[in-house]
Amino acid sequence: CYEDKIMILLGAEMGFNLKKKDWIENAMADDRFDFFIGSLHTLDDKDVAGTLRSGAVDLRPYYKAYYDAMVAAVENTSGFHVLGHVDYLDRYVQDKSAIPPFAFYRDQVAAVLENIIRRDLVMEYNTAGKYKGLSYGNPKKEILELYKDLGGKNICLSSDAHRSEHIGRDFTSAKDYLLNLGFTHIRYYNKKVPTDAPLA
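All of these numbers come straight from a predicted model, not from anything done at the bench. Sequence positions are assigned chain by chain, starting from 1 and proceeding in written order. The model is predicted, so local features are restricted to residues of pLDDT at least 70 and side-chain atom pairs to those at 80 or more, both for listing and for counting; the totals for chains, interfaces and linings are taken over all residues. Where side-chain values are given, they derive from all heavy atoms of the structure, hydrogens and water being excluded.

What follows concerns unusual backbone geometry. Following Asn138, the chain continues into Pro139 via a peptide bond in cis, with omega recorded as 5 degrees. Within the chain, Asp45 stands out as a residue other than glycine whose phi angle is a positive 65 degrees. Under the scheme used here, helices are H or I runs from DSSP no shorter than 4 residues and strands are E runs no shorter than 2 residues, and both carry numbers assigned from the N terminus. Relative to the assigned elements, Asp45 resides in the loop between β3 (42–43) and β4 (46–47). Partly exposed describes any residue whose relative accessible area lies between the buried limit of under 20% and the exposed limit of over 50%, with all areas from a 1.4 Å probe on protein chains only and scaled to the type maximum. By relative accessible area, Asp45 is classed as partly exposed at 47%.

So, about helix α3 (residues 59–76). Because the α-helix completes a turn every 3.6 residues, residues three or four places apart line up on one side. Each helix should span, by expectation, one fewer than its residue count multiplied by 1.5 Å. Counted at 1.5 Å a residue, the expected span for α3 with its 18 residues is 26 Å, and the 25 Å between its end C-alpha atoms agrees. Here α3 has its buried residues at Leu59, Tyr62, Tyr63, Tyr66, Tyr67, Met70, Val71, Ala73 and Val74. On the buried face of α3, the contacting elements are β3, α2 (48–54), β5 (82–83) and α4 (106–118). For this analysis, residues touch if any pair of their heavy atoms sits within 4.5 Å.

The axes used here are C-alpha line fits, helices contributing only the stretch in contact, and every angle between their N-to-C directions lies in the interval 0 to 180 degrees. Where α4 contacts helix α5 (residues 141–149), the two axes come as close as 10 Å, and the packing angle between them is 45 degrees. Classified by the angle between their axes, α4 and α5 sit oblique to one another. Both α4 and α5 take part in a crossing whose hand is right-handed. Taking contact as the criterion, the partners of Arg106, Val109, Ala110, Leu113, Ile116 and Ile117 in α4 are, on α5, Ile143, Leu146 and Tyr147. Polarity classes work like this: nonpolar for Ala, Val, Leu, Ile, Met, Phe, Trp, Tyr, Cys and Pro, charged for Asp, Glu, Lys and Arg, and polar for all others, with Gly in that last group. Looking at the contact of α4 with α5 residue by residue, the class counts come to eight nonpolar, no polar and one charged. The cut-offs work like this: below 35 degrees is roughly parallel, past 145 is roughly antiparallel, 65 to 115 is roughly perpendicular, and the gaps in between are oblique. Note on convention: near helix rotated counterclockwise from far helix by under a right angle means a left-handed crossing. Clockwise means right-handed.

In this description, a nonpolar core means a group of buried Ala, Val, Leu, Ile, Met, Phe, Trp, Tyr and Cys residues linked to one another through side-chain atoms lying within 4.5 Å. Tyr66 and Tyr67 are the most contacted members of the largest nonpolar core, which has 51 residues in total. The contacts of Tyr67, once residues within four sequence positions are left out, are Val86, Asp87, Leu89, Tyr105, Gln108 and Val109.

What follows is about the pairing of strand β9 (residues 193–198). Here, strands pair whenever DSSP counts at least two bridges between them. Bridging between strand β8 (residues 185–190) and β9 involves six bridges; their strand directions are antiparallel. Of the residues in β9, the one forming a bridge with Arg187 is Asp196. What sits between β8 and β9 in their antiparallel hairpin is a turn of two residues, with Lys191 showing a positive phi close to 55 degrees.

Here the focus is the sheet that holds strand β1 (residues 11–15). On the basis of which strands lie adjacent, the open sheet formed by five strands has the order β1-β2-β5-β6-β7 and parallel pairing. Strands at the two margins of the open sheet, each flanked by one partner only, are β1 and β7 (155–158). In this structure, strand β2 (residues 35–39) lies alongside β5, joined through two bridges in parallel fashion. Residue pairing in the sheet places Ile37 in a bridge with Val82 of β5. Here helix α6 (residues 171–180) sits on the sheet in contact with β6 (122–126) and β7, set at roughly 160 degrees to β7.

Think of a patch as exposed residues, more than 30% relative accessible area, with no salt bridge, where like charges cluster within 9 Å and nonpolar side chains (Val, Leu, Ile, Met, Phe, Trp, Tyr) cluster within 5 Å. For the area figures, the Shrake-Rupley method with a 1.4 Å probe applies, and any residue is considered shielded solely by the protein chains shown. In the sections that follow, a salt bridge refers to a side-chain nitrogen of Lys or Arg positioned within 4 Å of a carboxyl oxygen of Asp or Glu. Taken together, the side chains of Tyr2, Ile6 and Ile8 define a hydrophobic patch exposed on the protein surface, amounting to about 380 Å² of accessible area. Position of Tyr2 relative to the elements: it lies in the segment before β1. Tyr2 gets classed as exposed once you look at its relative accessible area, which sits at 52%.

As a packed pair, α3 and α4 sit with axes 9 Å apart at the nearest point and diverge in direction by 15 degrees. Comparing their axes, α4 and α3 come out roughly parallel. Handedness of the α3/α4 crossing: left-handed. The segment α3 lies against α4, with Lys64, Tyr67, Asp68, Met70, Val71, Val74 and Glu75 engaging Gln108, Val109, Ala111, Val112, Asn115 and Ile116. Among the residues forming the contact of α3 with α4, the class breakdown is eight nonpolar, two polar and three charged.

Structural data, given as structure tokens:
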């Protein structure tokens, strides 16, 4: 009875890994899916969350290496439609005050954003950061503002729900937040074809 009321789209999140690029790109060619999110969850084949939770890394070199890897992954991977939670690693730094300032890795993030803008892809705004010890969703305001300043306009909302009760959490305030930053629409994909819907 909801057939005419709810649109259900099928997507998948793919972890960037240039060593497995062919497999990943072949998987993303599957037309049974409406869209794919590309995200960076590992560095040197080691899980970022686990590494950062251990507290056994020097954060500045680690951040530099992470964003270097993201630049390379985005530049050399095709088939994804959405770039997922750019500053994902912020969630797992144990001492949030130790997160390096944005200026330290801004140029690398700019290179990533310029690439997805040129390809008319989408930036994900993921509300889960607020539930992972951060005061912000991912990406942080500085990244969203840089994306906008560089000409980026395509954004989507995600709650990173791993449980049903988390679906759509914080979307109402997230929409207002994005509107205040100057974004006007969200973009989604149906059979890999982009469609824009007003944020307001």
